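# Structural description and commentary
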Amino acid sequence: MIFTGEEIVAELSGLGITHAIWIPDACIGTWEWAFSASSDVQLIRICREGEAWPLAAGLTLGGKVPVVIMQTTGLFESGDALRNILFDLKIPVVSIIGARNWLNTESRDTARKFAEPVLQAWGVPYQLIANEHDKPRLTDFLRSCLDAGHAGVALLAE
Amino acid sequence: MISRIPLRDSLSTLAGARLDTDVVVTNMGASRVWPLIENHRLDFHFNPSTMGGAIPLAMGIALAQPQRQIIVISGDGSLLMSLGSLVSVAAAGCSNLSIVLLDNGIYDVTGGQKTAAVDAGVRFDETARSVGFESVAMFDDAASWQADAAGFLRAKGPGFCWLKVAPALSEDMMTQQEPMGVQIERLRTELER
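Residues numbered from 1 in each chain as written. Chains lettered and ligands numbered in written order. Predicted model: local features only at pLDDT ≥ 70, side-chain atom pairs only at ≥ 80, totals over all residues. Heavy atoms only, no water.

Moving on, we get to helix H8 (residues 142-154) of chain B. Residue and element names in this part refer to chain B. Look at H8: 19 Å from first C-alpha to last across 13 residues, which is about the 18 Å you get at 1.5 Å a residue. Its maximal kink placed at Asp148, H8 deviates by approximately 50°. Regarding H8, the residues found buried are Trp145, Ala149, Phe152 and Leu153. In this fold, the buried residues of H8 make contact with helix H1 (7-17), strand E3 (70-75), strand E4 (97-103), strand E7 (135-139) and strand E8 (159-164). (Helix = DSSP H or I, 4+ residues; strand = E, 2+ residues; numbered from the N terminus. Expected span 1.5 Å × (residues − 1). Bend = angle between axes of the 7 residues up to and from the residue. Buried < 20%, exposed > 50% of the residue type's maximum accessible area, 1.4 Å probe, protein only. Contact = heavy atoms within 4.5 Å.)

Here the amide bond leading from Asn47(B) into Pro48(B) is cis, since omega sits at 0°, within 30 degrees of zero. For Pro48(B), the location among the structural elements is in the loop between strand E2 (43-46) and helix H3 (54-64). Across the junction of Gly157(B) and Pro158(B), the peptide omega takes the value 5°, indicating a cis bond. Tracing the sequence through the fold places Pro158(B) in the loop between H8 and E8. At Lys90(A), a residue that is not glycine, the phi angle is positive and equals roughly 60°. Judged by its relative accessible area of 64%, Lys90(A) is exposed. Look at Asn101(A): it is not a glycine, yet its phi comes out positive at around 65°. Within the element layout of this structure, Asn101(A) appears in the loop between strand E4 (94-99) and helix H6 (110-122).

Turning next to the state of the cysteines. Enumeration over the complete set of coordinates arrives at zero disulfides over all chains. Summary of cysteine pairing: Cys47(A) is not part of a disulfide, and the nearest cysteine sulfur, belonging to Cys94(B), is at 12 Å. Cys161(B) takes part in no disulfide bond, and the closest cysteine sulfur to it belongs to Cys94(B), at a distance of 18 Å. On the basis of relative accessible area, Cys161(B) is assigned to the buried category, the value being 0%. (Disulfide = S-S within 2.5 Å.)

Residue and element names in this part refer to chain B. The strand order across the open sheet built from six strands is E2-E1-E3-E4-E8-E7, with neighbouring strands paired in parallel fashion. Unpaired on one side and paired on the other, E2 and E7 mark the two borders of the sheet. Going from strand to strand, the sheet's axes swing by 15° on average, the running direction of each strand aside. Here E3 runs beside E4; their pairing, made up of six bridges, is parallel. (Pairing = 2+ DSSP bridges. Axes fitted to C-alpha atoms, helices over the stretch in contact; angles between N-to-C directions.)

Residues and elements named next belong to chain A. Inspection of the sheet shows strand E1 (residues 19-22) paired to strand E2 (residues 42-45) by four bridges, in the parallel sense. From the neighbouring strand, His19 faces E2, where its bridge partner is Gln42. Crossover connection from E1 via helix H2 (residues 32-37) to parallel E2: handedness right-handed. (Right-handed = clockwise from strand over helix to strand, strands pointing away.)

On the chain A side, the residues contacting the 24 residues of chain B number 22 residues. For the pairing of chain B and chain A, the buried interface totals around 1,800 Å² over both sides, and the portion due to carbon and sulfur atoms is 69%. Here chain B is connected to chain A by zero salt bridges. Broken down by secondary-structure element, the contributors of at least two residues to the side of chain B that touches chain A are E2, H3, helix H5 (84-92) and helix H9 (180-191) of chain B. Sorting elements by how many residues they give to the side of chain B that touches chain A places H3(B) first, with seven residues. (Buried area = accessible area lost by both parts, 1.4 Å probe. Salt bridge = Lys/Arg side-chain N within 4 Å of Asp/Glu carboxyl O.)

In structure tokens form, the structure reads like this:
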């Protein structure tokens, strides 16, 4: 994993993120203990990815700064909820999406194949973090989204 | 024959029991009927919406504003699309969130097709109780609901109230909500107070 749990919580805390709404996968799931130990970022566990976007919208309306964390498969599953919140309500939710099998260049996983085309089809700004050298881009990108008040996906290679 | 509360009566009772500081989130059919009864600065009519999204959205407001009571009115069809959201609410310990389920057994806004829960015989109150809701109630007559609505809203949460209601009147389903941008701006301003 490109980020350890300690690193990601420190980055999100520095951005002023108050809540992390997530469904973990095998990679981002390793961050659980770090979120659980954080007093700055509250971890919210949900049952299905479609809950994440309206939940983040409610937190935003209430004055908090959430981030949604899930795998690309969850992004696909929750597309209609994302559409509704980002485009109908125009609430600028930021997210970290784990790109399943991105680091496996031989993979024929369709979740890998469709990750970028789906984001491009939605028209959601995104930043690929593909390796260790890209790490600073995650914080820079999310900060630019928060400052500009628009949605954005940090697509994190797994 | 199942006893059912007229929809307008069920919502009028809720409007009467709600405090001036309570946030009310409506969705789908309820968002069309509620404005005929109540027009409050802390109402939020979540339309256009994704079915099943109202409870998570209200949960977010509840977590962000723990000093406020948040009431979300959901239809049975919407709840069935995100039944797991009950688990999420209970797990997060949203003690200031009350879910009022309007169960008419059909998808009202699409013409009245039956939901799967009818044939399955789902007991929504037992579902809510089993996932950890602190206060759970069921009403299928207007008088009982009127007598206990305020008590339900002030009981320890999270709360879940299953109301068996009649379908909406067709003329009530034509209501237009304020534009979403106007609603969002007003609610944000009110929640900042």
